[in-house]
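Letter by letter, the chains look like this.
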Amino acid sequence: MSLIAEERRGAVLIWTLDREARLNALPDLADGDEMAAACERANADAGVRCVVLTGAGRAFSAGGDLTAMRDRRDLFEGSGAAIRERYRRVVHRIVRSLYGLEVPLIVAVNGPAMGLGCDIAGLADIRIASDRASFGVPFLKLGIIPGDGGSWLLPRNIGYARAAEMLFTARSIDAETAERWGLVNRVVPHDALLDEALATAAQIAAQPPQALRMAKALLRQGRDMNFDQMLEMSAAMQALAHLTEDHQEGVAAVLEKRPGDFTGR
């Protein structure tokens, strides 16, 4: 069963986790390939400037399929070595692909985001939550640990102590707490969620696309660089940006007090 339903609105892609009957549980064994292909298409398409990811129905994603865990099938079948390899080929391919998305990713969290679902939401650049959203990493409750890189990601999003509290207690937090802790940018009424995400995406999509992708790369890679490395990377990217037609258009637009019309050249 396919994981993502895709819709395009101009320079914005809308991806919807499309397993409503299963609360958008994942991953099925083909999900790594599907997510990687979707991200590769977006990266290769210069006309894509932003992606919005949300869930179908009342959940963003319930995370791992508990019946598959119970029955030791699909991702969870066989020896420890076999399960490890499937995590690397399926789960890790999903999160690596989303982390490597070159355009900004907005997640519109429409309901519970649990386990892998919470960590996928955490991969976004901007997170907007419905007032019905909740977040949790209940791995220990199931006798397992985050196999999806969440123990690296969550402390970077909300700090070590809060990440430790979420992981060690297995308690979920509501949308208001998630906003207070910095896990989401803001909380909006449920019925306004997608409109709010798309309005933000439209603001992003109005920026010059080459500089936009470079800006995202700087933010992402800056997490793990020292200051000198970041300065060197910034200088190289800035030199490229100065030579674009969009830079000339941006300067002209500001001086003429009008919106810029950026073409990606």
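Quantities reported herein were computed from a predicted structural model and do not represent experimental measurements.

**Q** Explanation requested: the overall build of the chain in the structure shown.
**A** Tallying secondary structure elements over the chain gives 11 helices and 9 strands in all. By the compact-globule yardstick of 18 Å for 265 residues, the chain fits well, its C-alpha radius of gyration being 19 Å. In terms of overall dimensions, the chain has a C-alpha envelope of 65 × 40 × 35 Å along the principal axes. Sorting the 265 residues of the chain into buried and exposed places 48% on the buried side.

**Q** So what exactly am I meant to see when it comes to helix α5 (residues 150-158) here?
**A** Residues Gly150, Leu153, Leu154, Asn157 and Ile158 constitute the buried set of α5. Here the buried residues of α5 occupy an arc of 100° about the axis, which is enough to place them on one side. Those residues of α5 that are buried lie in contact with α4 (116-122), β6 (126-130), α6 (160-169) and α7 (175-181). Positive backbone phi, at 95°, marks Gly159, one or two positions downstream of α5.

**Q** What should I look at first to understand the packing of helix α1 (residues 31-44) against helix α3 (residues 80-99) in this one?
**A** Helices that pack against each other are described as a pair by the angle of their axes relative to one another and the distance between those axes. The N-to-C vectors of α1 and α3 enclose an angle of 15°; their axes lie 8 Å apart at closest approach. Between α1 and α3, the angle falls in the class roughly parallel. Where α1 crosses over α3, the handedness of that crossing is left-handed. For the pair α1 and α3, the contacting residues are Asp31, Gly32, Asp33, Met35, Ala36, Cys39 and Glu40 in the first and Val90, Arg93, Ile94, Ser97 and Leu98 in the second. Tallied by class, the residues present in the contact of α1 with α3 amount to 6 nonpolar, 2 polar and 4 charged.

**Q** How should the state of the cysteines be read in this particular structure?
**A** Think of a disulfide as a covalent bridge from one cysteine sulfur atom to another cysteine sulfur atom. The full count for this structure, using the stated rule, is 0 disulfides. As a non-bridged cysteine, Cys39 has Cys50 as the owner of its nearest cysteine sulfur, 13 Å distant. In this structure Cys39 comes out as buried when scored by relative accessible area, which is 2%.

Thresholds, definitions, all that
Residues numbered from 1 in each chain as written. Predicted model: local features only at pLDDT ≥ 70, side-chain atom pairs only at ≥ 80, totals over all residues. Heavy atoms only, no water. Helix = DSSP H or I, 4+ residues; strand = E, 2+ residues; numbered from the N terminus. Rg over C-alpha atoms; globule rule 2.2 N^0.38 Å. Buried < 20%, exposed > 50% of the residue type's maximum accessible area, 1.4 Å probe, protein only. Arc of directions from axis to C-beta. Contact = heavy atoms within 4.5 Å. Axes fitted to C-alpha atoms, helices over the stretch in contact; angles between N-to-C directions. Parallel < 35°, antiparallel > 145°, perpendicular 65-115°, else oblique. Left-handed = near helix turned anticlockwise from the far one by under 90°. Nonpolar A, V, L, I, M, F, W, Y, C, P; charged D, E, K, R; others polar. Disulfide = S-S within 2.5 Å.

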